[in-house]
Structure formats: C-alpha cells, structure tokens
Amino acid sequence: LLRSVPMALASRALTKLDRSSISLGKVWTARSYTVAFWFKLNAATSGHWGSVLHIGDSNADRNPGVWTVPSKMKLYFETAFERGTSAACYGREDLVKGKWTHVAIVVDRHTMRVYYNSEVVCQVKKETLAAGRQHKTFYYADRWSGPSHGAIEGMQYSHSAWTPDMIAQLRQ
C-alpha cells in the first residue's frame, strides 16, 4: 500500500526536541496530506506550549502544527484552511511519559483526523478547503514556541490522505 504513495519527505532519524528549532527544508503543501511519525514525550512543559512540529512560514501558518499542552501530557493539533480559518483539536488521550506513540495527522480536503496508534483521537470537519499548494518550511520544534520535552522518529509526509489501513500498516 505505502509503496504507491509519493513521499514528499521521510526521515528515519531520532531527533530530540529539547533545544532550538530544526528546519527540514521546504515541502510543497497540498489540500490532502498525511504527516505520520513516532513521538515520545519525556516530560510535560512547564507553563508554555511545547512545539513538536510545524509546517509553515509564520506562527499563524500551520499546515499542520503540533504542540504539547502546557503542564499536561497531551498534544494539540491545528491545520490551516482557506479564508483564514483553521481546524484544531486536542488528542483525547494523555500520552504515557517515556512511551513511544505513533501519531498520524490526515487532512482530506475538508476534514482533519488525528490517530494515536491507529485509533482516531480527534476529528474536525470544515466547510472550507484545506490550505495548500505552496512551498512551506518544515520544522521540528518551531521558532515561535518553546520546544517540547520529547523525541520524534520515523517522520513521513505524503501528498495524499492515507486510509486507516495504511496508517495501521506503519505500526507493523
């Protein structure tokens, strides 16, 4: 299944998110896409949002953005839609400290779904289309927020909305 999906970016390297931002270069954003990665949160941030990843050239430009919630073991997801709107949600489950979780963000034109270990943990549907069709900078730990206290590994970015079966295959 995944061999037929064009990958815009893939990084297998383990990256600790405890310092300044790391730019992975530019990617071409699309109206439908998938961002999938393994994430391990080692501690909650104290009083500030902790950036995990961010595709965009400004703080408000999120295609998507992922942050840890201040003082909690929870993730927040946001992606830009047309006409200055966005879709945002919190993962309904807390992450287990020090345990790897497979995270997938799937945007399919009007809908954003977030998966933890192949299970949907939040979903938002919009009337407008997802923003896309632009070159954007891909960051681990963006320049506008403090870093999360975690690590990211096995990053994949695709210009297509993966199915639940494709996401489950990544965990095998």
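Residues numbered from 1 in each chain as written. Predicted model: local features only at pLDDT ≥ 70, side-chain atom pairs only at ≥ 80, totals over all residues. Heavy atoms only, no water.

**Here we look at the nonpolar core**
Counting residues in each nonpolar core, the largest one holds 32 residues, and the members touching the most others are Val 35, Phe 37, Leu 75, Phe 77, Ile 105, Met 112 and Val 114. No other element matches strand β4 (residues 32–43), which puts five residues into this core. If sequence neighbours within four positions are ignored, Phe 37 has contacts with Val 52, Leu 53, Thr 101, His 102, Val 103, Ile 105, Ile 152, Glu 153, Gly 154 and Met 155. (Core = buried A, V, L, I, M, F, W, Y, C linked by side-chain atoms within 4.5 Å. Buried < 20%, exposed > 50% of the residue type's maximum accessible area, 1.4 Å probe, protein only. Helix = DSSP H or I, 4+ residues; strand = E, 2+ residues; numbered from the N terminus. Contact = heavy atoms within 4.5 Å.)

**Brief notes about the pairing of strand β12 (residues 135–140)**
Counting buried positions over the six residues of β12 gives five, a clear majority of the element. One ladder, built from three bridges, connects strand β5 (residues 50–55) with β12; its direction is antiparallel. Note that in β12 the partner of Leu 53 across the bridge is Tyr 140. (Pairing = 2+ DSSP bridges.)

**A look at the pairing of β4**
Relative to strand β9 (residues 100–108), β4 runs antiparallel, the two sharing nine bridges. If you follow Phe 39 over to β9, its bridge partner there is Thr 101. Pairing of β4 with strand β14 (residues 149–158), which is carried by eight bridges, proceeds in the antiparallel orientation. Residue pairing for β14: Thr 34 is matched across the bridge by Ser 158.

**Regarding the confidence of the model for the chain**
Overall, the prediction assigns the chain a mean pLDDT of 82, with 84% of residues at 70 or greater. When the criterion is pLDDT under 50, residues 1–8 qualifies, and its contacts beyond four places in sequence or with other chains add up to 20 contacts. (pLDDT = per-residue confidence, 0-100.)

**Side note on unusual backbone geometry**
The omega torsion across Asn 63 and Pro 64 is 0°, close enough to zero to call that bond cis. Position of Pro 64 among the secondary structure elements: in the loop between β5 and β6 (65–68). Of note, the phi angle at Ser 71 is positive, near 60°, even though the residue is not glycine. Turning to its location among the elements, Ser 71 is positioned in the loop between β6 and β7 (75–80). Phi is positive for Ser 118, close to 75°, though the residue is something other than glycine. Take Ser 118: it is sitting in the loop between β10 (111–116) and β11 (119–125).

**Here's the deal with the state of the cysteines**
The full count for this structure, using the stated rule, is one disulfide. The disulfide bridge from Cys 89 ends at Cys 122, spanning 2.1 Å between sulfur atoms. Within this pair, whereas Cys 89 is found in strand β8 (residues 86–90), its partner Cys 122 is found in strand β11, the two being separated by 33 residues in sequence. The same class applies to Cys 89 as to Cys 122, namely buried. (Disulfide = S-S within 2.5 Å.)

**Examining the packing of aromatic side chains**
A full pass over the atoms with the stated rule returns five aromatic pairs. Both rings, one in Tyr 33 and one in Tyr 157, keep their centres 5.8 Å apart while their planes meet at 25°; by these two values the pair is stacked. Residue Tyr 33 is located in strand β4, and its partner Tyr 157 is located in strand β14; the two are separated by 124 residues in the primary sequence. For the pair Tyr 33 and Tyr 157, one class covers both residues: buried. (Phe/Tyr/Trp six-rings, centres within 6.5 Å; stacked < 30°, edge-to-face > 60°.)

**Focus: the environment of Ala 30**
Residue position: Ala 30 is located in the loop between β3 (22–28) and β4. Owing to a relative accessible area of 14%, Ala 30 belongs among the buried residues under this scheme. C-alpha of Ala 30 to C-alpha of Gly 132: the two residues are 102 residues apart in sequence and 4.3 Å apart in space.

**Points about the side chain of Thr 128**
Counting through the fold element by element, Thr 128 comes out in the loop between β11 and β12. Classification of Thr 128 by relative accessible area gives buried; the value is 9%. In terms of polar contacts, Thr 128 uses its side chain to reach the side chain of Thr 85, at 3.3 Å. Dropping the residues within four chain positions of it, Thr 128 is found in contact with Phe 81, Glu 82, Arg 83, Thr 85, Arg 109 and His 110. (Polar contact = N/O pair within 3.5 Å; in protein donor to acceptor, adjacent residues only side chain to side chain.)

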